[in-house]
2 protein chains.
Amino acid sequence: MNNFTFTKLSYGVYVITSWAEGGRPTGCTANSAMQVTSSPATVAISINHDNFTNACIKNSGMFAINVLGENSSPAIIGNFGFKSGKDSDKFTEKPELRDFLPIVDGAIAYITCKVIDAMESETHTVFLGEVIGAEIIDENDTPMTYAYYHNVIKGKSPKNAPTYIEE
Amino acid sequence: MNNFTFTKLSYGVYVITSWAEGGRPTGCTANSAMQVTSSPATVAISINHDNFTNACIKNSGMFAINVLGENSSPAIIGNFGFKSGKDSDKFTEKPELRDFLPIVDGAIAYITCKVIDAMESETHTVFLGEVIGAEIIDENDTPMTYAYYHNVIKGKSPKNAPTYIEE
């Protein structure tokens, strides 16, 4: 098996947001998000068990997919991807809420979801979400692909990402 | 809800292959595939109930993700995306097999999987597959993204695709 084969799957770059206990907004970066059904609209995301956001989604039963664009600040990925929301407030300012979910400043689109099912693997949970709301914030920016993040921004995978390859 | 928000999620373009009863190779195009865990490697795909390949994956318990590249022939998408394997042989010639699964001629990489779990939504099944094998066939071609298929090849979504939008 050639582990680099997995780099041939194409993804976007997202911040998955939810609520920690006590009404504290949190989130983490993810590239594993896909639409499952169109009508009614459902989406699936994959989140590592070790991500604080995983427990927050389980407890709150809701999450939002914040789509990053090529012009979104790389600082968003640094903030949401490379530290834990358990120990730190990733939202330093009170976020905008859509359908009661925190939206990341700089996202080009968002999809808000209610968890309707979940499937466990050894390290990750695949959440199936029924879409509550979905809006485009910036029509002009191009959605950032994971390939763009790797090749142009020269970003790396956090260790908890499904796409992480040990070097 | 703005249904065009879903076009902001990024995908690749794949042919999911499996076996029909009687040892007949079949498959369908898909854009909803994502890696779920890295070690052991698992992937998730979403396949419409109406796709003949759905029942074939359920019956055989296995599938392969064939990754298409920007230089892969658009005829592959036409062949696997816009007719049903129930009524026709999508493989006109005996395909190459990898890990007992049919591989599409023209794919740039493949990931072969054993089904270990499944989650049902109203219209689609999300299959969780444990990866048996994964190899790159053509290192030089760039994986086709769904955006590339839409914008450059000017392709459309088949009606069974999660990303189908009624026009």
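Scroll up for the structure.
Residues numbered from 1 in each chain as written. Chains lettered and ligands numbered in written order. Predicted model: local features only at pLDDT ≥ 70, side-chain atom pairs only at ≥ 80, totals over all residues. Heavy atoms only, no water.

A.B. asks: Would you explain the overall build of chain A in this entry?
C.D. replies: Looking only at helices and strands, one finds 3 helices and 9 strands in chain A. Helices and strands in chain A line up, N terminus first, as β-β-β-β-α-β-α-β-β-β-β-α. Here the C-alpha radius of gyration of chain A, 15 Å, is about what a compact globule of 167 residues would show, namely 15 Å. For chain A, buried positions account for 56% of its 167 residues. Within chain A, counting contacts between residues at least 6 apart in sequence, those at least 24 apart form 66% of the total. Approximately 7,400 Å² of chain A is accessible, and the part contributed by carbon and sulfur atoms is 48%. Of the charged side chains in chain A, 12 are positive and 19 negative, and the gap between their average positions amounts to 6 Å. (Helix = DSSP H or I, 4+ residues; strand = E, 2+ residues; numbered from the N terminus. Rg over C-alpha atoms; globule rule 2.2 N^0.38 Å. Buried < 20%, exposed > 50% of the residue type's maximum accessible area, 1.4 Å probe, protein only. Contact = heavy atoms within 4.5 Å. Areas by Shrake-Rupley, 256 points an atom, 1.4 Å probe, with all protein chains shown as cover. Lys, Arg positive; Asp, Glu negative; His and termini not counted. Charge placed at Lys NZ, Arg CZ, Asp CG, Glu CD.)

A.B. asks: Would you take a moment to explain the packing of aromatic side chains for this structure?
C.D. replies: A ring pair, where both rings are aromatic, is described by two values, the distance of the centres and the angle of the planes. Residue and element names in this part refer to chain A. In this structure the tally under the stated criterion is 6 aromatic pairs over all chains. Aromatic pair Y146 and Y149: ring centres 5.9 Å apart, planes at 35 degrees, arrangement tilted. Pair noted here: Y146 and Y149 are both in helix α3 (residues 146–151), with a separation of 3 residues, about one helical turn. Exposure class is identical for Y146 and Y149. Each is buried. Taken together, the aromatic side chains of Y11, Y146 and Y149 make up a single cluster linked through ring pairs. (Phe/Tyr/Trp six-rings, centres within 6.5 Å; stacked < 30°, edge-to-face > 60°.)

A.B. asks: Would you mind going over the environment of V43 of chain B with me for this structure?
C.D. replies: Within the element layout of this structure, V43 of chain B appears in strand β4 (residues 41–48). In the structure, V43 of chain B is positioned 84 residues away from F127 of chain B in sequence and 8.2 Å away in space, judged by C-alpha atoms. The contact partners of V43 of chain B, leaving out residues within four places of it in the chain, are F6 of chain A together with M34, Q35, V36, F63, I65, C113, F127, L128, G129 and V131 of chain B.

A.B. asks: Mind showing me how you'd approach the sheet that holds strand β2 (residues 24–30) of chain B here?
C.D. replies: Hydrogen bonding along the main chain pairs the strands of a sheet, whether they run parallel or antiparallel. All names here are of chain B. Read across the open sheet, the 7 strands follow the order β2-β1-β5-β8-β9-β4-β3; overall the sheet is antiparallel. In this open sheet, the two edge strands, each paired with only one partner strand, are β2 and β3 (33–38). Within this sheet the neighbouring strands show an average axis-to-axis angle of 35 degrees, counted without direction. As defined by bridge partners, strand β1 (residues 14–20) adjoins β2 across 7 bridges and the pair is classed as antiparallel. When the sheet's bridge partners are listed, A20 is paired in β2 with R24. Sheet contacts for helix α2 (residues 74–81): β1 and β2; angle to β2, the most-contacted strand, approximately 110 degrees. (Pairing = 2+ DSSP bridges. Axes fitted to C-alpha atoms, helices over the stretch in contact; angles between N-to-C directions.)

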